Amino acid sequence: MTVLDPDQIAEALGQLSAAPPADFLDRVVGQWVRVAGPVGELYVAFTDHGISYVRTAGAVADSPARFLDAYRSRFTRPLRPAERLPAGLLPALRTGRSGSLRFDLRGLTPFAASVLDATRRIPAGQTRPYAWVAREIGRPAAVRAVGTALGGNPVPILIPCHRVTRSDGQVGDYVFGTAVKETLLRAEDVDLERIQDLARARVFYLGSDTTGIVCFPTCHHARRITAAHRRGFRSIGEAVDAGYRPCQVCRPGAAATA
DNA sequence: ATTCCGGCAGAGC
DNA sequence: TGCTCTGCCGGAA
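Thresholds, definitions, all that
Residues numbered from 1 in each chain as written. Chains lettered and ligands numbered in written order. Predicted model: local features only at pLDDT ≥ 70, side-chain atom pairs only at ≥ 80, totals over all residues. Pairing = 2+ DSSP bridges. Helix = DSSP H or I, 4+ residues; strand = E, 2+ residues; numbered from the N terminus. Axes fitted to C-alpha atoms, helices over the stretch in contact; angles between N-to-C directions. Buried ≥ 20, exposed ≤ 12 C-beta atoms within 10 Å, placed from the backbone. Core = buried A, V, L, I, M, F, W, Y, C linked by C-beta atoms within 7 Å. Contact = placed C-beta atoms within 7 Å. Near = placed C-beta within 6 Å. Nonpolar A, V, L, I, M, F, W, Y, C, P; charged D, E, K, R; others polar. Arc of directions from axis to C-beta. Expected span 1.5 Å × (residues − 1). pLDDT = per-residue confidence, 0-100.

1. A look at the sheet that holds strand β3 (residues 50–56)
With mixed pairing, the 4 strands of this open sheet are ordered in space as β3-β2-β1-β4. Since the sheet does not close on itself, it has two edges, and those belong to β3 and β4 (79–81), each with one partner. Adjacent strand axes in the sheet meet at a mean angle of 35° when their direction is disregarded. Relative to β4, strand β1 (residues 30–37) runs parallel, the two being bridged by 3 bridges. From the neighbouring strand, Gln31 faces β4, where its bridge partner is Arg80.

Structure representation (structure tokens):
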């Protein structure tokens, strides 16, 4: 075995510190930008893997310093100002469709990651219940845990947890408060009054008697049902008993086991 | 309508 | 480790 000379070691270390990889900074410290969003401005943090953290910048109290502090306490690392925006960020904010965005969601538990993955698939202008998310990810009884996971969504607005609402027709809670959740949904043309009117009548699903398909009220297909053929249901079981089957697009309930 | 528990994942101790 | 508590809920009473 060769014993290394201390001078050789020092020289080797010197070379290490003198020649870091060109992208070293990007790998260790993320960047942040402030951009216009649907509810005022947003702070957006990202790494070379994708967008990692989003907060609103609307309130006076939500200063850049507070954002940077919040980021540091959650990720235990700093941010530096970005030179340019993450690809696709502005179109995603404009359309509410974040399908092509890259996210850096390392650090989430597998459960939380699957919750966000299901949530991401809810189209703009539509809503799904917490219980729907739970069922989609194969944990139908983890309804409350879904709410907890969404409460920790590091990238709200972009991964649209505001589109997850309560089964009883109420919008439910939200990181930035129920009022902001309502504003976001109205901006996407969700008719909250109609949903609540239906809920008051104990209607949580809508079917078409011409197709025999039953949907969530905000499903793209439900919006096409003409009034004369529209029928409301209190539960999927009630709809199935009436000869309807759940829509395969919005998947409002377990498909009939033929 | 309201209230009350059950289910469950994760954080904190 | 294991135990306890809490939380963007749901459904039954």
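2. Re the pairing of strand β7 (residues 205–208)
Side chains Tyr205 and Gly207 of β7 all project onto a buried face; the interleaved residues Leu206 and Ser208 project onto the opposite face, where all are buried too. When β7 meets strand β9 (residues 230–233), the two strands line up antiparallel, connected through 4 bridges. Within β9, the residue paired with Tyr205 across the bridge is Phe233. Sheet topology note: the β7/strand β8 (residues 213–215) ladder contains 3 bridges and is antiparallel. Each residue of the ladder has a partner; that of Gly207, found in β8, is Val214. The hairpin turn running from β7 into β8, its antiparallel successor, is 4 residues long, and Gly212 in that turn takes a positive phi close to 70°.

3. A look at the nonpolar core
Formed by 32 residues in total, the largest nonpolar core has its most connected members in Tyr43, Val44, Ala45, Ile51, Val54 and Val133. Elements that contribute at least two residues to this core include exactly β2 (40–47), β3, α3 (64–75), α5 (110–120), α6 (130–136) and α7 (143–151). Residues within four places of Val54 in sequence aside, it is in contact with Leu42, Tyr43, Val44, Val155, Pro156, Ile157 and Leu158.

4. Description of the pairing of β3
Counting buried residues along β3, 6 of its 7 residues qualify, which places the element largely inside the surrounding structure. Sheet analysis places β2 next to β3, joined by 6 bridges and oriented antiparallel. By the bridge assignment for β3, Leu42 is matched with Thr56. Counted along the chain from β2 to the antiparallel partner β3, the turn is 2 residues long.

5. As for the sheet that holds strand β10 (residues 245–246)
Backbone-to-backbone hydrogen bonds pair the strands of a sheet. The strands run either parallel or antiparallel. One open sheet accounts for 4 strands, arranged β9-β7-β8-β10; its pairing is mixed. Each having just a single partner strand, β9 and β10 make up the two edges of the open sheet.

6. Quick word on unusual backbone geometry
In this structure, Thr76 is a non-glycine residue whose phi angle is positive, near 50°. Within the secondary structure, Thr76 sits in the loop between α3 and β4. Its identity is not glycine, yet Arg202 carries a phi of approximately 60°, on the positive side. One can find Arg202 in the loop between α9 (192–200) and β7.

7. What about the protein's contact with DNA strand B?
DNA strand B sits among Thr109, Phe111, Ala112, Arg139, Ala141, Ala142, Val143, Arg144, Ala145 and Thr148. For the surface near DNA strand B, the secondary-structure elements that each account for two or more residues are α5 and α7. It is α7 that provides the largest number of residues to the surface near DNA strand B, a total of 4 residues. The residue makeup of the surface near DNA strand B, split by class, is 6 nonpolar, 2 polar and 2 charged.

8. Things to note about the protein's contact with DNA strand C
For DNA strand C, the set of nearby residues contains 21 residues, the closest of which are Tyr130, Gly147, Gly151, Arg166 and Asp173. Broken down by secondary-structure element, the contributors of at least two residues to the surface near DNA strand C are α6 and α7. By residue class, the composition of the surface near DNA strand C is 11 nonpolar, 6 polar and 4 charged.

9. Thoughts on α5
Helical periodicity: at 3.6 residues per turn, an α-helix aligns residues three or four positions apart in one direction. Of the residues making up α5, those classed as buried are Val115, Leu116 and Thr119. Considered in projection along α5, the buried side chains sweep an arc of 95° and stay on one side of the axis. Elements that come into contact with the buried residues of α5 comprise α6, α7 and β6 (164–165).

10. Some points on α3
Here α3 is 12 residues long and its end C-alpha atoms lie 16 Å apart, about the 16 Å a rise of 1.5 Å per residue gives. Backbone geometry just downstream of α3 places Thr76 in the positive-phi region, at approximately 50°.

11. Examining the confidence of the model for chain A
This prediction gives chain A a mean pLDDT of 90; 86% of its residues lie at or above 70. Counting interchain partners and residues more than four positions distant, the pLDDT-below-50 stretch residues 1–18 has 1 contact.

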